[in-house]
Amino acid sequence: MFDLSFLEPERKTLKIKRSGDTILETAIAHNFPLYHLCGGNARCTTCRVFVSDGLDSLSERNDREKTIADRKGWPKEIRLSCQTEIFGNVEVQRIIRDEEDLKNITSERKNSKTGEECYAAILFLDIKGFTSFTESSLAYDVVFVLNRFFQEMSDPILNNGGFIDKFIGDGILAYFFLDKTKLQTSQLTLEDAKKQMFVQALRACFRIFDQLKKFNVYVKERFHHEFDIRLGLHAGQVIYGDIGHSDHKSQTVLGDTVNVASRLEALNKKTGTRFLISDEIYQYVSDKIQIQKKILTKLRGKTERMSAYSVLGFKEKDQILELQRSLELALQLNPNLARDFYIHFLETKPEFQKFFQNTDMETQAKKLLAMFGKTIERLGNLNQIQIELQNLGKMHEEMGIPVTDFGEIAPSLLYALEKSLGDQWNAEWKSIWETALGSLVRLMGMK
């Protein structure tokens, strides 16, 4: 018959009585301590084990185990002992061995990540010279300004498909990761998916620098101070999971990739640069970005020298970035852009005036501008923008405008943009906006 071996500090091997017995049944038959608080009914996770060897000798996950595993995000090596049948020699490790382990495990929330590995781009952002501001400002002002800074610098990350891991003092740790499930259902190769992710991360970084300019106008006016930032971007395998005290856990990324990104950010100080990326990223996007200089360096904790690249921007205009920047400029030059849109729209399409007879047009213009602005900023994250556009479409449907007439909106938006930008409006921007508005209008009409 088969052996079930528990790899504890000392190996403990149990003989399996019948082929098809579960791991938990075998442990109970030999009086081996294996937690199972729900009585082995797949209503908890306390009996789970890590399979070190012999995964092929175990049954496939049944529906009950699969439900828990999918919810928890378990890798294939984590198995629920009460549901896993044995058909050969197997080696496992208990995850819960004492009361402290039990306390830690039973504190998990729904959708907790118990530990998985993924490929991700890691971004570290740090404020340059923030200490001088804290020393010359009231505590309330420091917290107020820092919170506003985090809000404005985080938006480009979130809008381009990234995630905020944590705020560290006056810095931000963020990440962009490859979604394995979406990759499997898409037509992209792994190489193309990585390149797409890196472009999203780079766009977020360039947009962060745009946000910094606006933020400094605000801070200089109110606090007579300006800030600068340093960024480090690296990619590789990371471990992702819920980390911390049983009552105070947070999802976080960790591993050597995170450490390298942090050290790249710090390297900016020595090299007089603002934004450094690693060779891991550069090899995928070298044709797309402008480089100020290449740096050969030996990072702390590393035995080999590595290449880092100081990034200035995209070589050619990125369409999404151009849409964001041109709209931002148009609003700076003309805060009444939305009002001009409605005036032109109703003058050129008088048949639509009946839909707005009982509408406060000032309020309507502000609402349109807010929703439209959010949509353009989130073009780098298609999952968000689809909802925003459907809401925009619903808003106009509720006013009586049929979906088939949504296309009539685009010419008036182009008019308002051209009027706002004046001499800065050009054929390239017009082409980009015509293409984008065509796509946006189609998405507005989707159900």
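Our subject is the structure listed above.
Residues numbered from 1 in each chain as written. Predicted model: local features only at pLDDT ≥ 70, side-chain atom pairs only at ≥ 80, totals over all residues. Heavy atoms only, no water.

From N to C terminus, the protein chain includes 15 helices and 13 strands. In the protein chain, buried positions account for 48% of the 447 residues. Taking the intrachain contacts of the protein chain between residues at least 6 apart in sequence as the baseline, contacts between residues at least 24 apart amount to 68%. With an accessible surface of roughly 23,100 Å², the protein chain has 49% of that area assigned to carbon and sulfur atoms. Taking the average location of the 61 positive side-chain charges in the protein chain and that of its 62 negative ones, the two points are 2 Å from each other. (Helix = DSSP H or I, 4+ residues; strand = E, 2+ residues; numbered from the N terminus. Buried < 20%, exposed > 50% of the residue type's maximum accessible area, 1.4 Å probe, protein only. Contact = heavy atoms within 4.5 Å. Areas by Shrake-Rupley, 256 points an atom, 1.4 Å probe, with all protein chains shown as cover. Lys, Arg positive; Asp, Glu negative; His and termini not counted. Charge placed at Lys NZ, Arg CZ, Asp CG, Glu CD.)

Here the focus is the pattern of salt bridges. Pairing of side chains with opposite charge becomes possible as their charged atoms draw close. Throughout the structure, instances matching the rule amount to 23 salt bridges. Among the salt bridges present, the one from D126 reaches R230, with a minimum N-O distance of 3.9 Å. Here the residue D126 occupies a position in strand β6 (residues 116-128), and R230 occupies one in strand β9 (residues 228-245), the gap between them amounting to 104 residues. Given the relative accessible area of 12%, R230 is considered buried. The partner of E328 in a salt bridge is R207, and the shortest N-O contact between them spans 3.2 Å. Placement of E328 in helix α10 (residues 319-333) and of R207 in helix α7 (residues 190-223) is noted, with a sequence separation of 121 residues between them. Residues E328 and R207 agree in their burial class; the two are buried. (Salt bridge = Lys/Arg side-chain N within 4 Å of Asp/Glu carboxyl O.)

This brings us to helix α13 (residues 382-398). Spanning 17 residues, α13 covers 24 Å between terminal C-alpha atoms, matching the ideal 24 Å at 1.5 Å per step. On its buried face, α13 sits against α11 (337-348), α12 (361-377), α14 (409-421) and α15 (427-444). Among the residues trailing α13, G400 stands out with phi positive, at a value near 105°. (Expected span 1.5 Å × (residues − 1).)

Here we come to the environment of I291. Mapped onto the elements of the fold, I291 is located in strand β12 (residues 289-297). Linking I291 and L276, residues 15 residues apart in sequence, is a C-alpha distance of 9.7 Å. Look past the residues within four positions of I291 in its chain and what remains in contact with it is Y282, Y309, S310, V311 and L312.

What follows covers the nonpolar core. Grouped together as the largest cluster of nonpolar side chains are 48 residues, with contacts concentrated most on F149, F198, L202, F227, L233, F275 and I277. Every residue in contact with F198, bar those within four places of it in the chain, is listed here: Y119, A121, A235, E280, I281, Y284 and V285. Counting 41 residues, the second largest nonpolar core, distinct from the first, contains F356, A365, L392 and L417. (Core = buried A, V, L, I, M, F, W, Y, C linked by side-chain atoms within 4.5 Å.)

A few words now on the pairing of strand β1 (residues 3-7). Note that β1 and strand β2 (residues 11-15) share five bridges and pair antiparallel. When the sheet's bridge partners are listed, S5 is paired in β2 with T13. In this structure, the hairpin formed by β1 and β2 is closed by a connection of three residues. (Pairing = 2+ DSSP bridges.)

A few words on the side chain of T26. Along the chain, the position of T26 falls in helix α1 (residues 23-29). Apart from residues no more than four positions distant in its own chain, T26 is found in contact with L4, L14, K15, I16, D21 and I86.

One open sheet accounts for five strands, arranged β2-β1-β5-β3-β4; its pairing is mixed. Every other strand in the sheet has two partners, leaving β2 and β4 (78-80) as the edge strands with one partner each. Direction aside, the axes of adjacent strands within the sheet are offset by 35° on average. (Axes fitted to C-alpha atoms, helices over the stretch in contact; angles between N-to-C directions.)

On to α12, then. Here α12 is 17 residues long and its end C-alpha atoms lie 24 Å apart, about the 24 Å a rise of 1.5 Å per residue gives. Of the residues making up α12, those classed as buried are Q364, A365, L368, M371, F372, G373, T375 and I376. Those residues of α12 hidden inside the fold are in contact with α10, α11, α13, α14 and α15. Where α12 begins, the capping side chain belongs to D360, and its oxygen is found 3.1 Å from the backbone nitrogen of E362. (Polar contact = N/O pair within 3.5 Å; in protein donor to acceptor, adjacent residues only side chain to side chain.)

Nothing here speaks to function; it is all geometry.
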